[in-house]
Amino acid sequence: MKIEVQPRDDHQVNVIAEFETDLLEQFKRRTARKIAEKTRIPGFRPGKAPYDVVRRVVGDEALIEQAIEDLIDEYYPKILEEAQLKPGAAGALDKIISLDPPKFSFIVPLEPEVDLGNYKEIRLEYTAEPVDEKEVEEFLKRLQTNYSTAEPVDRPAQEGDLVYVKFSEKLTRPAEGEDEIVFPERPAQFILGSDLLENRSFPFTGFSEKLLGTKEGDNLTITYTYPLEYEDESLRGKEVQFEVTVQSVKSLILPELNDEFAQNVGQFETLEDLKKAIREQLETTKKEKADESFFDQLFQKLQSQATIKYPPQVLEHEVEHILDDFERDLRRQGMELDAYLKMINKDRETFIREELQPIARRRLERSLIMEKFADVEQIKLDEANYQLAVQDSLRDLQSMPMEKKPSKAEQNQLTQDILIYNINRRLNQMILNRMKAIATGQQIEEEVVSESADTNTINEQQPAEEETPEDQTPPAEK
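What comes next is a walk through the structure. Note that the coordinates shown come from a computational prediction; the quantities given were computed from them, not determined experimentally.

## Structural notes on the pairing of strand S10 (residues 239-253)
Of the pairings in the sheet, the one linking strand S6 (residues 149-152) to S10 comprises four bridges and is antiparallel in character. Residue pairing in the sheet places Glu-151 in a bridge with Ser-251 of S10. Where strand S7 (residues 162-171) meets S10, 10 bridges bridge the pair, whose relative direction is antiparallel. Across the sheet, Val-163 pairs through a bridge with Val-249, a residue of S10. In this structure, strand S9 (residues 219-225) lies alongside S10, joined through seven bridges in antiparallel fashion.

## Observations regarding the packing of helix H6 (residues 271-305) against helix H11 (residues 408-439)
Angle between the axes and distance between the axes: these two values describe a pair of packed helices. Contact geometry of H6 with H11 gives a least axis separation of 11 Å together with a crossing angle of 75°. On the basis of the axis angle, H6 is roughly perpendicular to H11. Contact residues: H6 offers Asp-291, Phe-294, Phe-295, Leu-298, Phe-299 and Leu-302, while H11 offers Leu-432, Met-435, Lys-436 and Ala-439. For the contact of H6 with H11, the residue count by class is eight nonpolar, no polar and two charged.

## Focus on the packing of helix H1 (residues 21-38) against helix H3 (residues 60-83)
Interhelical geometry of H1 versus H3 gives an angle of 110° and a closest axis separation of 8 Å. Judged on the interaxial angle alone, H3 and H1 are roughly perpendicular. On the side of H1, the interface is formed by Leu-23, Leu-24, Phe-27, Lys-28, Arg-30, Thr-31, Ala-32, Lys-34 and Ile-35, while H3 contributes Leu-63, Ile-64, Gln-66, Ala-67, Ile-68, Asp-70, Leu-71, Glu-74 and Tyr-75. A per-class count over the contact of H1 with H3 returns 11 nonpolar, two polar and five charged.

## Section: the nonpolar core
Counting residues in each nonpolar core, the largest one holds 41 residues, and the members touching the most others are Leu-298, Phe-299, Leu-302, Phe-351, Phe-373 and Met-435. Breaking this core down by element, the ones donating at least two residues are H6, helix H7 (312-332), helix H8 (337-344), helix H9 (348-376) and H11. Of all the elements, H9 adds the most residues to this core, at 10 residues. Counting 24 residues, the second-largest nonpolar core is a separate cluster that includes Val-182, Leu-220, Ile-222 and Tyr-226.

Rules of the game
- Residues numbered from 1 in each chain as written.
- Predicted model: local features only at pLDDT ≥ 70, side-chain atom pairs only at ≥ 80, totals over all residues.
- Heavy atoms only, no water.
- Pairing = 2+ DSSP bridges.
- Helix = DSSP H or I, 4+ residues; strand = E, 2+ residues; numbered from the N terminus.
- Axes fitted to C-alpha atoms, helices over the stretch in contact; angles between N-to-C directions.
- Parallel < 35°, antiparallel > 145°, perpendicular 65-115°, else oblique.
- Contact = heavy atoms within 4.5 Å.
- Nonpolar A, V, L, I, M, F, W, Y, C, P; charged D, E, K, R; others polar.
- Core = buried A, V, L, I, M, F, W, Y, C linked by side-chain atoms within 4.5 Å.
- Buried < 20%, exposed > 50% of the residue type's maximum accessible area, 1.4 Å probe, protein only.

Set out below in structure tokens:
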């Protein structure tokens, strides 16, 4: 066997393999025997038909095609071994150069390569904003509002009232072939002025103020032009018309803020205990946001100085994962991908190229950087963190709802999947901690990933004695 390796520009190589002339003939005869065993040939018992008879029955072209496939299946690993190649994805037969002698060209994707450069010289400041008393009071007020009761009133809506509406949205000047309906009629609720129950920007900032002074049964038309920088690209700069029907206006009766309220909200003895838990939750949220911002900047710096090479198949695989997740999210909202693409006026290929590939590239390169960083810094999961991952997995398993009891094999697979997830989560946290320590210039110490403190979760629920309307956020805004 003769091997020739030709480099390519896309982190793949062309491998040309030439075999002895009689090798293909050997595989043709071996393939004919297999066919004779599986194919009924008149006049012969299974596996006993002569080679020439099998050739006449199946034809030379089909016989050669199957023989080549069998030859490649057996010899491809040997080709990689002799060429000293470690593929990063499945290779492919590029072309058959000749049959006499057998000579084939393969495209082999290489393992990703990462050079982190002078990563230890990167410096980045880390700051997390403190939680002030006003934020705690605002959260408490929102919680108080969510536990309020609502009573119908026979007057125009005023600030602080809960207003239920039905409304639809359509384009005033749709482009040719564009569907004018942005979304059909749907229910929604708004607290006027504060609008604590939902995102202030839905369906656009200031929408709820348009409801001030309305009464039950009122109908109104609202025209609005979305800004050019609006997050939903399909609505940027578009003028839309809302048809709104006011279903009811209700006054909110807020519960008194005292120890009894705290006890109703959760496992808190006093109002001060509730405030303390709120502060801790806000601090955790702010830390998570600070971490997200910090690592976004850090990875940008790492990516800008690192040399990262990978074949196109690795990126394509990452795109497939993201697309699968995206389609699942859409289905949870009752929408299929084709309908979503129609709504944003893009075909599948353009959507993948413009929307998903940049996300996949960023996610893939971050993953490769973390993997290389862990290798260079010799970061491994120690026994203490492994045991914590096992404990995490047991808690996850116990808290999972089961519609039916899984089989033993399913249970084992689920246990293994959850354990792998928690091991990777803890290992990733160790890697990020080390990155952060280096970038901020702190003393680097090996330590167990700390357990999150057990705190009472404060659930922001809908007001009592009212039905919760269906999700009000259109898929494009999620």
